[in-house]
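Chain by chain, the residues:
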Amino acid sequence: LIAINPDVIGYLKVNNTNIDYPVVIAEDNKYYLNRNLYQEEDENGWIFMDFRNSDKHLNDNTIIYGHNMYYSGVMFGTLHKALNASWYKNPDNLQIQFDTMYESMKWQIYSIYTIAKTTDYLKVSFETAEEKLTYIDMTRNRSIHNFEIDVTENDKILTLSTCTGDNSRLVIHAKLI
């Protein structure tokens with residue numbers, strides 16, 4: 001994959017969705033909105049990590065974006081399945097596989113929600129433990145279901161974010177296990 005695109009930094013798989021893609025990173029969060037893995041113009045874009053994140057040393061919160069191409073099911077087009085009780089009540093679906101070149105990682109979902117367009121969940125690092133705990137409480141309280149997963153200020157978080165319309169977002173948070 002690196003031979004195809006040196007921006008590849010990892011691989012993301014979400015069970016019982018079509019999400020099974022290499023993850024790229026660029027110098028900003030706009031480049032891969034309209035480019036594919038081959039860096040060609042493509043309205044589907046690609047799955048990409050927030051440019052503020054590091055693949056070598058995980059930040060407090062690693063953010064991955066993708067377009068919600070629901071009509072074709074590509075990119076994050078099937079992430080909406082996570083909103084269905086039949087999906088999130090299946091324990092197999094609650095673990096996300098996200099690997100970098102440096103580590104193979106499993107993440108446990110602790111929050112799923114939709115929200116009006118905001119940036120308050122898009123923090124990659126926190127100044128204090130209290131700030132991170134406030135963030136965790138905020139994201140947990142928004143969840144459509146109580147997953148009863150303990151998340152502390154010492155946990156690394158993975159955030160998946162996609163549009164659900166012009167002014168709303170579907171967000172999933174998981175902790176590294």
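Read on for a plain summary of the structure. (Residues numbered from 1 in each chain as written. Predicted model: local features only at pLDDT ≥ 70, side-chain atom pairs only at ≥ 80, totals over all residues. Heavy atoms only, no water.)

Time to look at the overall build of the chain. For the chain, the count of helices and strands is 2 helices and 10 strands. Reported as C-alpha extents along the three principal axes, the dimensions of the chain are approximately 40 × 35 × 30 Å. Considering the chain as a whole, with its 177 residues, one finds that 49% of them fall into the buried category. Long-range pairs, those at least 24 residues apart, make up 59% of the contacts in the chain with a sequence separation of at least 6. When the accessible surface of the chain is split by element, carbon and sulfur atoms take 47% of a total near 8,700 Å². (Helix = DSSP H or I, 4+ residues; strand = E, 2+ residues; numbered from the N terminus. Buried < 20%, exposed > 50% of the residue type's maximum accessible area, 1.4 Å probe, protein only. Contact = heavy atoms within 4.5 Å. Areas by Shrake-Rupley, 256 points an atom, 1.4 Å probe, with all protein chains shown as cover.)

Considering all chains together, one arrives at 7 aromatic pairs under this definition. Ring centres of Y70 and Y71 lie 5.8 Å apart, and the angle between their planes is 80°; on these two criteria the pair is classed as edge-to-face. Exposure class is identical for Y70 and Y71. Each is exposed. (Phe/Tyr/Trp six-rings, centres within 6.5 Å; stacked < 30°, edge-to-face > 60°.)

What follows is about the nonpolar core. Counting residues in each nonpolar core, the largest one holds 53 residues, and the members touching the most others are L12, I96, F98 and L160. Ranked by residues supplied to this core, first place goes to strand β8 (residues 104-116) with 7 residues. (Core = buried A, V, L, I, M, F, W, Y, C linked by side-chain atoms within 4.5 Å.)

Let's shift gears to unusual backbone geometry. A positive phi angle, close to 55°, is found at N16, a residue other than glycine. Relative to the assigned elements, N16 resides in the loop between β1 (8-14) and β2 (20-24). Its identity is not glycine, yet Q39 carries a phi of approximately 65°, on the positive side. You can see Q39 is positioned in the loop between β2 and β3 (48-49). On the basis of relative accessible area, Q39 is assigned to the partly exposed category, the value being 33%.

What follows concerns the environment of D42. Within the element layout of this structure, D42 appears in the loop between β2 and β3. For D42, a relative accessible area of 22% corresponds to the partly exposed category. Beyond its immediate sequence surroundings of up to four residues, D42 is in contact with L33, N34, R35 and N36. At 3.4 Å, the side chain of D42 forms a polar contact with the side chain of N36. Only 2.9 Å separates the side chain of D42 from the backbone nitrogen of N44, close enough to count as a polar contact. (Polar contact = N/O pair within 3.5 Å; in protein donor to acceptor, adjacent residues only side chain to side chain.)

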